[in-house]
Structures are given as C-alpha cells and as structure tokens.
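# Chains, contacts and geometry: an overview
Listed here are the chains, written in short residue letters.
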Amino acid sequence: MENGVDYLRSVVDHLTDEDPPTPRALKYAVLHLQAAAEVLLKSRLLQEHWSLVFAEPSAATRKKFEAGNFNSCTTEAAIDRLRNIVGVDVDDKSAAALKKLAETRNALQHYGLTWPARAVEARAADVLDFLMGFVHAELAPALTAEPEEAERDEVQDGLAYVRARLSTIQSFLKRRHDQLRPELKKLLDLTVQCPLCMQWAVVIGSGGGPLSCRFCHHSWPSAEVAAVDIGLTGNDYCNLADCPDCGESAVLVDFATIASAPTHYRSVCFACGDVFDVLHVCESCEQHFDPDEESSDLGLCPECLAVRVDRF
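Computed from a predicted model, the values in this text were never measured in an experiment.

### Overview of the overall build of the chain
A tally of regular secondary structure across the chain gives 10 helices and 10 strands. Each principal axis of the C-alpha atoms in the chain carries an extent, and together these give about 90 × 45 × 30 Å. When each of the 312 residues of the chain is scored for burial, the buried share is 42%. Sequence separation of 24 or more characterises 51% of the internal contacts of the chain that already satisfy a separation of 6 or more. Per element, the accessible surface of the chain, about 16,400 Å² overall, is 47% carbon and sulfur. Of the charged side chains in the chain, 29 are positive and 48 negative; the average position of the first set lies 7 Å away from that of the second.

### Focus on helix 4 (residues 75-86)
Inspection of helix 4 places Thr75, Ala78, Ile79, Arg81, Leu82 and Val86 among the buried residues, and these make up the whole buried set. The buried residues of helix 4 all sit within an arc of 165 degrees when viewed along its axis, so they share a single face. Glycine 87 occupies a position one or two residues after helix 4 and carries a positive phi of about 85 degrees.

### Some details on the sheet that holds strand 5 (residues 239-241)
If you trace the 4 strands from one edge of the open sheet to the other, you get 5-6-7-8, paired in antiparallel fashion. Looking at which strands have only one partner, the edges of the open sheet turn out to be strand 5 and strand 8 (275-276). In this structure, strand 7 (residues 261-269) lies alongside strand 8, joined through 2 bridges in antiparallel fashion. In the strand pairing of strand 8, valine 268 is matched with valine 275.

### Some words on the nonpolar core
Formed by 87 residues in total, the largest nonpolar core has its most connected members in Leu8, Leu15, Leu33, Leu128, Phe215 and Phe270. With 14 residues, helix 6 (residues 117-143) is the single largest residue contributor to this core. In this structure, Cys282, Cys301, Cys304 and Leu305 belong to the second largest nonpolar core, which totals 6 residues.

### Notes on the pairing of strand 6 (residues 251-258)
Here strand 6 lies mainly inside the structure; 6 of its 8 residues are buried. Two elements, strand 6 and strand 7, share 4 bridges in a ladder whose sense is antiparallel. Paired with alanine 256 across the two strands is arginine 266, which belongs to strand 7. Connecting strand 6 to the next strand, strand 7, in antiparallel fashion are 2 residues.

### A few points about the packing of helix 2 (residues 23-48) against helix 5 (residues 92-111)
Between helix 2 and helix 5, whose axes approach to 9 Å, the crossing angle comes to 130 degrees. Taken together, helix 2 and helix 5 sit at an angle that is classed as oblique. The handedness of the crossing between helix 2 and helix 5 is left-handed. In contact with Lys27, Val30, Leu31, Leu33, Gln34, Ala37, Glu38 and Leu41 of helix 2, helix 5 contributes Leu98, Leu101, Ala102, Thr104, Arg105, Leu108 and Gln109.

### Details of the packing of aromatic side chains
Within the structure shown, the criterion is met by 6 aromatic pairs. When the centroid spacing of 4.1 Å and the interplanar angle of 15 degrees are considered together, the rings of phenylalanine 54 and phenylalanine 70 count as stacked. Taken together, the residues span a long stretch of sequence, with phenylalanine 54 in the loop between helix 2 and helix 3 (62-67) and phenylalanine 70 in the loop between helix 3 and helix 4 at a distance of 16 residues. Phenylalanine 54 gets classed as buried once you look at its relative accessible area, which sits at 3%.

### Some points on the confidence of the model for the chain
Across the chain, the average pLDDT comes to 87, with 93% of residues at 70 or higher. Within the chain, no element has a lower average pLDDT than helix 9 (residues 293-298), which sits at 58, and none a higher one than strand 1 (residues 191-193), at 96.

### A closer look at the pairing of strand 2 (residues 200-203)
Of the pairings in the sheet, the one linking strand 1 to strand 2 comprises 3 bridges and is antiparallel in character. Looking at the pairing, threonine 191 lines up with valine 203 of strand 2. In this antiparallel pair of consecutive strands, strand 1 and strand 2, the connection spans 6 residues, and methionine 198 shows a positive phi of 65 degrees.

### Let's talk about unusual backbone geometry
Its identity is not glycine, yet methionine 198 carries a phi of approximately 65 degrees, on the positive side. Within the secondary structure, methionine 198 sits in the loop between strand 1 and strand 2. Owing to a relative accessible area of 27%, methionine 198 belongs among the partly exposed residues under this scheme. The phi angle at histidine 217 is positive, at roughly 70 degrees, despite the residue not being glycine. Tracing the sequence through the fold places histidine 217 in the loop between strand 3 (211-212) and strand 4 (219-220). Look at histidine 217 and you get exposed, because its relative accessible area is 54%.

Rules used in this analysis
Residues numbered from 1 in each chain as written. Predicted model: local features only at pLDDT ≥ 70, side-chain atom pairs only at ≥ 80, totals over all residues. Heavy atoms only, no water. Helix = DSSP H or I, 4+ residues; strand = E, 2+ residues; numbered from the N terminus. Buried < 20%, exposed > 50% of the residue type's maximum accessible area, 1.4 Å probe, protein only. Contact = heavy atoms within 4.5 Å. Areas by Shrake-Rupley, 256 points an atom, 1.4 Å probe, with all protein chains shown as cover. Lys, Arg positive; Asp, Glu negative; His and termini not counted. Charge placed at Lys NZ, Arg CZ, Asp CG, Glu CD. Arc of directions from axis to C-beta. Pairing = 2+ DSSP bridges. Core = buried A, V, L, I, M, F, W, Y, C linked by side-chain atoms within 4.5 Å. Axes fitted to C-alpha atoms, helices over the stretch in contact; angles between N-to-C directions. Parallel < 35°, antiparallel > 145°, perpendicular 65-115°, else oblique. Left-handed = near helix turned anticlockwise from the far one by under 90°. Phe/Tyr/Trp six-rings, centres within 6.5 Å; stacked < 30°, edge-to-face > 60°. pLDDT = per-residue confidence, 0-100.

As structure tokens, then:
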C-alpha cells in the first residue's frame, strides 16, 4: 500500500504544482496514476489470496510469487476479480474511468500524450476520488494491523497530503462547472458528453464543421469525426449515417445521449442537432430515414416511397 500512496502523492504534485500543468507533468501524472491504481487494486487482491494477482491464477505457485517471477493481471482483470471473487463494489463509472486510464497510459507510451491539460485533470480527479474511497474502505482497516507504527504513520500522512491536494483539483473543476453552467443550461438538448474529460460540455448543432468541448477545449475537425470519436467511447463499434434532415454524414445511430436525457440512447445528428428516437434503413436505397406510419410499414424512405407511388 505504501508504494501506491507514494504514487498518488506524485500524481497530485504533478497536477497542482503549475497551472496549467506542463506536458511533462501531465505525462508523469498519467503514468503514476496508472501505477497507483494497479498497486492499490492488487493490494486488496493480495489480502484475499496471493494467487489472485497472477495473470493466470491456475498457474500460480508460491515460489514464483515470492520471487516476483510472474506476469500479474491487468487492471481490468483486477476489477473483475474484486467484483466477482472478493465482493468489492466497483461502480460502472469508476470501472470505466480506470479502463480509460489504462488505455491512456498505453497510448502515452506509444504516441505521447495528446490530451488537453483540463481533460487529464478531470479524468484524474475521478480516478483519484475512487482510489481514495477504495483505500479508506478496503485497505485502511488492514493498516491498523501493521506492526510497524512508522509505516502506518507514513501511509496515513501520505493519504492526508493527497486528500488536501485533491480538494484543490476538485475546487478548480467546480469553478469551471460554475462558469459553464449558465450557458450550458440553455443548451441541454444540444449537449453531449466529451469522451476525454467526461463532462457534458460538447455543444452540437452548428453544422458539419469543427466541434470542441467547452470544458477541456479538446476539438474535432468536423461533426462527423466527433460523432465517431464519441460513439466509440466504451464501445467496440459505432454506426454513422447521413442525417435525414440536413444531409450531413454525422448521425450517431443508437449510441448517442444528450444532457437533457443522459440515460436514453438515441440517434443524434452532430451537425444539425436533430434527435431521432427511431431510424429505419430503407429497403431500396439503404439510407437511414425517420419513419412515418406509411413508410415504416413498407420499409421505404419517403423518396423511394414517392418513386414507387409515381410508378403506379
């Protein structure tokens, strides 16, 4: 646990020493936050049984464990084992944040960090908040049984330090929310969630051109690219279609949510902002269309339906 808390100290230092953090500080904040998550999650697995930290528990041996000669499980696998074997309640939002953090760390190692500073801060705050609660609920009780008082004090001092710095980051995020709330409150039907900072701050409906997040300022060159990027967040694929109203290829089919109905998945055009509860695919031209009763029954879009009527 001591190593995990030390990594957390490094994270909050890198995120708060400068405003905004430098690219180098952001890089090490991501790397150390991922390291902290792995160490702390696996610390809880170790409390349950040492074999659970192996990538393949069935191949675990005490000799390999004591020598450190083994491949450990991924963060995602650790979460699954905490939920299904240990019985720890890791909520879906936290699990998604941890998964995204691991993906970001991997991308960072290969391509460098391309996220805006505010997106990293927002994402890091979510993971830090989860880890602090996790340490308190799942790891701290065992800390009182540690024989070394000095080690206990060091861990507890480290947690207090992290908690204070985390409140600084959360205070910034709250101020930013307060600044944006008046303008976004009027645009709930046109606002989608940013896949980087996870804030409801991407306002759509201004055409097929560039879009950006008003919270972290991440931008996309077009509404179409934004729809794909947001649609792929947490999904293996997404379906993009031409909008029946504006004609832009920017409708995210069935995978979109808007701020006014964040749990209701629908089809949304990122160019004009139109929302469709149902879109059908025309049996003739294979284009998506917003069906009325007649066209829905025949499986044809209005244009193809009109052609058929003309023929008869």
